[in-house]
Amino acid sequence: MMICQMMFGMSFYGVMVILTRFFLEDLNYSEADTMMVVGAFSAIGPLFAIAGGFITDKFLGAYRSLTLAFICFAAGYGLLVLGASIINVPLSLAGIALASYARGLMFPSYSPLFKRTFATEEAFESGYAVNYSINNIGAFISQYLFPLVVLVIGFSGSYLLCAAMALLAFVLMLITRKPLLEVSSEIDRQPVSIRNWVLFVISSAAMIGLVFFMFSNMDIGKNIVYAIGLGAIGYFISIMVKSEKRESMRMGTILIMVLLTIAFFVYYGQMMTSMTLVTINTMRGDLFGIIPIAPEASMAMNPMWCMVAGPLLALAFSALEKRNIHFTIATKVGFAFIFTAISFGILTLAVMTVGRDVIIRPEVFLVIHFFLAFAEVIVGSMVVAFILSVAPKHIEAFSVSLFSVAIALSGVVGAVFSTSIAVEKGQAITQEVVRSLYGDYFGILTIMAVVMVGVAFAASKLIKKMLANDEDPTQGLSEEKMAKAEG
């Protein structure tokens, strides 16, 4: 499963890293439209994890859903191959629509199935952190190499390579079918009725069509994202209100973490939109003078640092716990916003002090991604593990999908924000443009990140109180201890 995760990381982020130039140069999109499409591509997939969670829980089971997801990835990248070969916008949009749907099907099915391959909760938490690093290894390799690979084999060849990796993941799922089904849920071991297959096909076709429409009409599409995302959160709240006190309190902590996650991923989403645009327009030179790096490949610095951040954070929190120092997940998210504020503060300083040559060295972005990566590892790996530890079992997949809903909402909101720094095609990128336009934008984001530090720490105190009222032997414990007690 970890190899499948790596194949996903290499193929998906390989597509992601070259998508900006593909839309700007080959499909002739404007900067603003490109940022909306790329931002939506990073966001709409997680949004459809809501449907993916429902399909996993009610129709197909985790194993079937995950296997079909890799087929859809391969088919979507195949459409991108055709779109790039004949420079066809509808085919290209259909390709990213299908890949977005596949991502929505993958996320809520992968985590529960992966969890069941471990004997204990503690083993899963350790394994999930390693799995997160595996994904980052794949993302790092693809984000660094694909901007160089595309120079050799072109966009169509690069998309074909991504399709091959998705097919490899599909084959691996077939090879490991028997051992995975042995640990999977009951629904995976039962045959799927004709009715459920028909409902799955019809609903999937409708959702893929909806995603295509959203990519083709982003002004309407972003409102659809808001409606679906807020509707999912509203549905979760309605379940929470009807639940017994103990379950309601636990679901309330999930809701708080989802809101904090939305705020964080508005910042993380800038990496694919506004920060990529800044690097394309300003980043020049080799890293340390010896390592060649394309401007859009600066995103590769993020997963590279994530591979470092994961073990370091695990060791740091483990050492503190041995000294009986425990932090709630919300407190850790507060630390993530501290790292975020530092990251965007450095970026603001860099654009505000840029010289007349309008060049920012790659080393600056290396430092920026260092702090942002530490923040991402905290939020990306720990929040999901927390949700899985407190979510009611009957809505486990749907609860996990709320994390994807948070990513979706924040991705579109972040993309909308980032369009404020877009310039018209042909406009020169001058020192004044960089300092005023980019500087003001990232300066505001830095200030808001500082505000979110306080919000996260306040949320931490609230979560402690909610868990202290939990009528359970684990009452009063931190989230880490509670998860261990449940394991």
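Residues numbered from 1 in each chain as written. Predicted model: local features only at pLDDT ≥ 70, side-chain atom pairs only at ≥ 80, totals over all residues. Heavy atoms only, no water.

**Let's talk about empty space enclosed by the protein**
The full count for this structure, using the stated rule, is three cavities of 30 Å³ or more. Size it by volume and the second largest cavity reaches roughly 50 Å³. Surrounding the second largest cavity, Thr20, Leu24, Glu31, Thr34, Met35, Met272, Thr273, Thr276 and Leu277 form its lining. Residue composition of the lining of the second largest cavity, grouped by class: four nonpolar, four polar and one charged. (1 Å grid on protein atoms, 1.4 Å probe; cavity = no way out; pocket = protein on both sides within 12 Å on 5 of 7 lines; lining within 4 Å. Points joined across faces, edges and corners; volume = space filled by probe spheres on them. Nonpolar A, V, L, I, M, F, W, Y, C, P; charged D, E, K, R; others polar.)

**Re the packing of aromatic side chains**
What describes a pair of aromatic rings is the distance from one ring centre to the other and the angle between the planes of the rings. Counted by the stated rule, this structure contains 31 aromatic pairs. Judged by centre distance (5.5 Å) and plane angle (75°), the ring pair of Phe22 and Tyr159 falls under edge-to-face. Residue Phe22 is found in helix α1 (residues 2-26), and its partner Tyr159 is found in helix α6 (residues 121-175); the two are separated by 137 residues along the sequence. Across the pair, exposure class does not vary: Phe22 and Tyr159 are buried alike. Considering the side-chain rings of Tyr267 and Phe344, the 5.2 Å spacing of their centres and the 75° angle between planes classify their relative orientation as edge-to-face. Taken as a pair, Tyr267 in helix α11 (residues 245-268) and Phe344 in helix α14 (residues 329-352) lie far apart in primary sequence, 77 residues in all. Side by side, Tyr267 and Phe344 carry an identical accessibility label, which is buried. Grouping aromatic residues by their ring pairs yields a cluster made of Phe264, Phe265, Tyr267, Tyr268, Phe337, Phe344, Phe403, Tyr441 and Phe442. Seen from the ring of Phe317, Lys332 lies directly overhead, with NZ or CZ sitting 4.4 Å from the centre. (Phe/Tyr/Trp six-rings, centres within 6.5 Å; stacked < 30°, edge-to-face > 60°. Helix = DSSP H or I, 4+ residues; strand = E, 2+ residues; numbered from the N terminus. Buried < 20%, exposed > 50% of the residue type's maximum accessible area, 1.4 Å probe, protein only. Lys NZ or Arg CZ within 6 Å of the ring centre and 35° of its normal.)

**Considerations on the packing of helix α2 (residues 31-47) against helix α10 (residues 218-242)**
At a minimum axis distance of 11 Å, the contact between α2 and α10 shows a crossing angle of 25°. What the angle tells us is that α2 and α10 run roughly parallel. Between α2 and α10 lies a crossing of left-handed hand. Along the contact surface, α2 presents Met36, Val37, Ala40, Ile44 and Leu47, while α10 presents Met218, Lys222, Val225, Ile228 and Gly229. Looking at the contact of α2 with α10 residue by residue, the class counts come to eight nonpolar, one polar and one charged. (Axes fitted to C-alpha atoms, helices over the stretch in contact; angles between N-to-C directions. Parallel < 35°, antiparallel > 145°, perpendicular 65-115°, else oblique. Left-handed = near helix turned anticlockwise from the far one by under 90°. Contact = heavy atoms within 4.5 Å.)

**Points about helix α12 (residues 274-282)**
A large share of α12 lies buried, amounting to nine of its nine residues. For α12, every residue scored as buried is listed here: Ser274, Met275, Thr276, Leu277, Val278, Thr279, Ile280, Asn281 and Thr282.

**A short note on the packing of α12 against helix α15 (residues 362-390)**
Packing of α12 against α15 leaves a shortest axis separation of 13 Å and a crossing angle of 165°. Our classification of the angle between α12 and α15 gives roughly antiparallel. When you trace α12 past α15, the crossing you get is left-handed. In contact with Met275, Val278, Thr279 and Thr282 of α12, α15 contributes Phe365, Ile368, His369 and Leu372.

**Considerations on the confidence of the model for the chain**
Summary statistics for the chain give a mean pLDDT of 83 and a share of 94% for residues scoring 70 or more. The spread of mean pLDDT over the elements of the chain runs between helix α18 (residues 479-486), the lowest at 39, and helix α4 (residues 62-86), the highest at 92. Across residues 471-487, where pLDDT falls below 50, the model places 37 contacts with residues more than four positions away in sequence or in other chains. (pLDDT = per-residue confidence, 0-100.)

**A few points about the nonpolar core**
A general feature of soluble globular proteins is that nonpolar side chains tend to end up buried together. Grouped together as the largest cluster of nonpolar side chains are 169 residues, with contacts concentrated most on Phe70, Phe73, Tyr77, Tyr159 and Phe215. No other element matches the 17 residues that α15 contributes to this core. In contact with Phe73, not counting residues within four places along its chain, are Phe8, Phe12, Ala99, Ala102, Arg103, Met106 and Ala166. (Core = buried A, V, L, I, M, F, W, Y, C linked by side-chain atoms within 4.5 Å.)

**What to know about helix α9 (residues 194-216)**
Between its terminal C-alpha atoms α9 stretches 33 Å, which fits the 33 Å expected from 23 residues at 1.5 Å a residue. Taken together, the buried positions of α9 are occupied by Asn196, Phe200, Ser204, Met207, Val211, Met214 and Phe215. Where the residues of α9 are buried, they touch α2, α3 (49-60), α4, α5 (89-115) and α10. (Expected span 1.5 Å × (residues − 1).)

**Considering the state of the cysteines**
Across all of its chains, the model carries zero disulfides by this definition. In this structure Cys4 is a free cysteine whose sulfur lies 15 Å from that of Cys72, the closest cysteine sulfur available. Just so you know, Cys162 is unpaired, no disulfide at all, and the nearest cysteine sulfur is the one on Cys4, 16 Å from it. In this structure Cys162 comes out as buried when scored by relative accessible area, which is 0%. (Disulfide = S-S within 2.5 Å.)

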